[in-house]
Amino acid sequence: MRAFRFHNVKGPSPLAALLEGYAVLVNPTLPIIQEDGGMNDAYIPQLVASAEAASDHLISIGVSEPGRIAVGGRSYGAFSSANLLIHSKRFATAIAMSGAYNRTLTPFGFQHEKRSFWEATDLYAKISPFFHADRIKSPILLVHGDADENPGTPPLQTRRFLHALVGQGAPVRYVGLPFEGHHYWARESVLHAAAELIDWLDRTIGPKAHPQARAIPSPRFQGERCDAGRCVQGARQGPRGSV
């Protein structure tokens, strides 16, 4: 019973967006059907098809509207969110936490992909957001723990992706969380990440977004780094979008 006596802190929850008035679709099923022993050759088209079906459904039932949908995730979900910003036009922005964006840095396989980089070089490049940074035109928020211990998602993954995005002129913001690993545990880090998430949504699809171009954030987001609680925004009001 002691295991259920207190809440377990597991990092910033997307429900923080719900409390701010955004419609949130949590953990939608995005099946990636793998054949031939777990190969990811169909990863991109299946990911895009599933995510677009979910977003189209939200629009069809009146929960959201085109141009006001964000996508987000952590770890492999961050990797997938970045890919959706590249390969789909449905999403106005992405929020990616503790992700891997260059699969050449995980050369001996990842998730269910059993082939090495040298066995599937084209695939590793195709599904790596880093290789397609020039195609990202919509804003993306990158969050990473500065002490990420996961071998597949060292902070270098996000920092190099940030450099690529800034070099290509993409609207991007990077938030580094000092002393945090793959999961964020400190109260200050969790609250900081949640505040960044809400402020980012407000500026890209919410009430602070430009009415004629919701996907364009303020210029201060252009490659800005934020550490240790700085840059947290204040109160938010007005209509919301969907996450």
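If you're wondering where the values come from, they're calculated on a predicted model, not measured in any experiment.

Notes on the overall build of the protein
Summing up its helical and strand segments, the protein has six helices and five strands in all. Put simply, the protein runs from its N terminus to its C terminus through helices and strands in the order α-α-β-α-β-α-β-α-β-α-β. Considering only contacts within the protein whose residues lie at least 6 apart along the sequence, 70% involve residues at least 24 apart. Total accessible area computed for the protein in this model is approximately 12100 Å², and 57% of it derives from carbon and sulfur atoms.

Quick look at helix 6 (residues 187-204)
An ideal rise of 1.5 Å per residue puts 26 Å on 18 residues; helix 6 measures up with 26 Å between its terminal C-alpha atoms. With 15 of 18 residues buried, helix 6 lies mostly within the body of the structure.

Let's talk about the nonpolar core
One finds Ile 140, Leu 142, Phe 161 and Leu 165 to be the most contacted residues of the largest nonpolar core, which totals 33 residues. Per-element accounting of this core gives the leading share, six residues, to helix 3 (residues 76-87). In this structure Leu 142 touches Ala 96, Tyr 101, Thr 158, Phe 161, Leu 162, Leu 165, Val 172, Arg 173, Tyr 174 and Val 175, once residues within four positions along its chain are discounted. Counting residues in each nonpolar core, the second largest holds 18 residues, with Ala 17, Ala 70, Ile 95 and Tyr 184 among its members.

Points about a nonpolar patch on the surface
A surface patch of nonpolar side chains, about 250 Å² in accessible area, is lined by Leu 15, Leu 18 and Val 26. Since its relative accessible area comes to 40%, Val 26 is described here as partly exposed.

Re the pairing of strand 1 (residues 70-74)
Of the pairings in the sheet, the one linking strand 1 to strand 2 (residues 93-97) comprises five bridges and is parallel in character. Residue pairing in the sheet places Gly 73 in a bridge with Ala 96 of strand 2. After leaving strand 1, the chain enters helix 3 and then returns to the sheet as strand 2, a path that is right-handed.

Overview of the pairing of strand 2
Most of strand 2 is tucked away, with five of its five residues classed as buried. The two faces of strand 2 match: Thr 93, Ile 95 and Met 97 on one face and Ala 94 and Ala 96 on the other face are all buried. Sheet analysis places strand 2 next to strand 3 (residues 140-145), joined by four bridges and oriented parallel. Bridge pairing in strand 3 links Met 97 to Val 143. One crossover worth recording links strand 2 to the parallel strand 3 by way of helix 4 (residues 121-126), and it is right-handed.

Quick look at unusual backbone geometry
For Gln 111, which is not glycine, the phi dihedral falls at a positive 45 degrees. Along the chain, Gln 111 turns up in the loop between strand 2 and helix 4. What makes Gln 111 exposed here is its relative accessible area of 54%. For Phe 179, which is not glycine, the phi dihedral falls at a positive 70 degrees. Along the chain, the position of Phe 179 falls in the loop between strand 4 (172-177) and helix 6.

Some thoughts on the packing of aromatic side chains
What characterises a pair of aromatic rings is the spacing of the ring centres plus the angle enclosed by the ring planes. Evaluation of the coordinates by the stated rule reveals nine aromatic pairs. Look at Phe 110 and Tyr 124: their rings are 5.4 Å apart centre to centre, the planes differ by 85 degrees, and that puts the pair in the edge-to-face class. Of the two residues, Phe 110 sits in the loop between strand 2 and helix 4 while Tyr 124 sits in helix 4, which places them 14 residues apart along the sequence. Given the relative accessible area of 0%, Tyr 124 is considered buried.

A closer look at the side chain of Glu 52
Summarising the element assignment, Glu 52 is placed in helix 2 (residues 43-60). With a relative accessible area of 17%, Glu 52 lands in the buried category. Apart from residues lying up to four places away in sequence, Glu 52 is in contact with Ser 88, Lys 89 and Arg 90.

Thoughts on the environment of Phe 117
Position of Phe 117 among the secondary structure elements: in the loop between strand 2 and helix 4. Taking the C-alpha atoms as reference points, Phe 117 and Leu 105, twelve residues apart in sequence, are found 9.1 Å from one another. In this view, Phe 117 contacts Thr 104, Pro 107 and Tyr 124; residues no more than four positions away in its chain are not counted.

What counts, and at which threshold
The numbering scheme is per chain: residues are counted from 1 as the chain's sequence reads. Local features in this predicted model are restricted to residues of pLDDT 70 or higher, and side-chain atom pairs are both shown and tallied only at a pLDDT of 80 or more, whereas totals for entire chains, interfaces and linings draw on every residue. Based on all heavy atoms of the structure, the side-chain values leave hydrogens and waters out of the count. Under the DSSP-based scheme used, a helix requires at least four consecutive residues in state H or I and a strand at least two consecutive residues in state E, with every element numbered from the N terminus. Whether two residues are in contact is decided by their heavy atoms: any pair within 4.5 Å suffices. Exposure was quantified through the Shrake-Rupley algorithm and a 1.4 Å probe, taking into account, for residues, occlusion by the shown protein chains and nothing else. Each helix should span, by expectation, one fewer than its residue count multiplied by 1.5 Å. The rule is simple: take the accessible area with a 1.4 Å probe, protein chains only, and divide by the maximum for that residue type; under 20% is buried, over 50% is exposed, in between is partly exposed. Buried Ala, Val, Leu, Ile, Met, Phe, Trp, Tyr and Cys residues that are joined via side-chain atoms within 4.5 Å together make up what is termed a nonpolar core. Each patch groups residues whose relative accessible area exceeds 30% and which form no salt bridge, using 9 Å between like charges and 5 Å between nonpolar side chains of Val, Leu, Ile, Met, Phe, Trp and Tyr. A side-chain nitrogen of Lys or Arg and a carboxyl oxygen of Asp or Glu constitute a salt bridge if their distance falls within 4 Å. Think of it this way: DSSP has to see at least two bridges between two strands before they count as a pair. We call a crossover right-handed when, viewed with the strands running away from us, the connection from the first strand over the helix to the second turns clockwise. The criterion for an aromatic pair is that two Phe, Tyr or Trp rings (for Trp, the six-membered ring) have centres within 6.5 Å, with stacked assigned to planes under 30 degrees apart, edge-to-face to planes over 60 apart and tilted to the rest.

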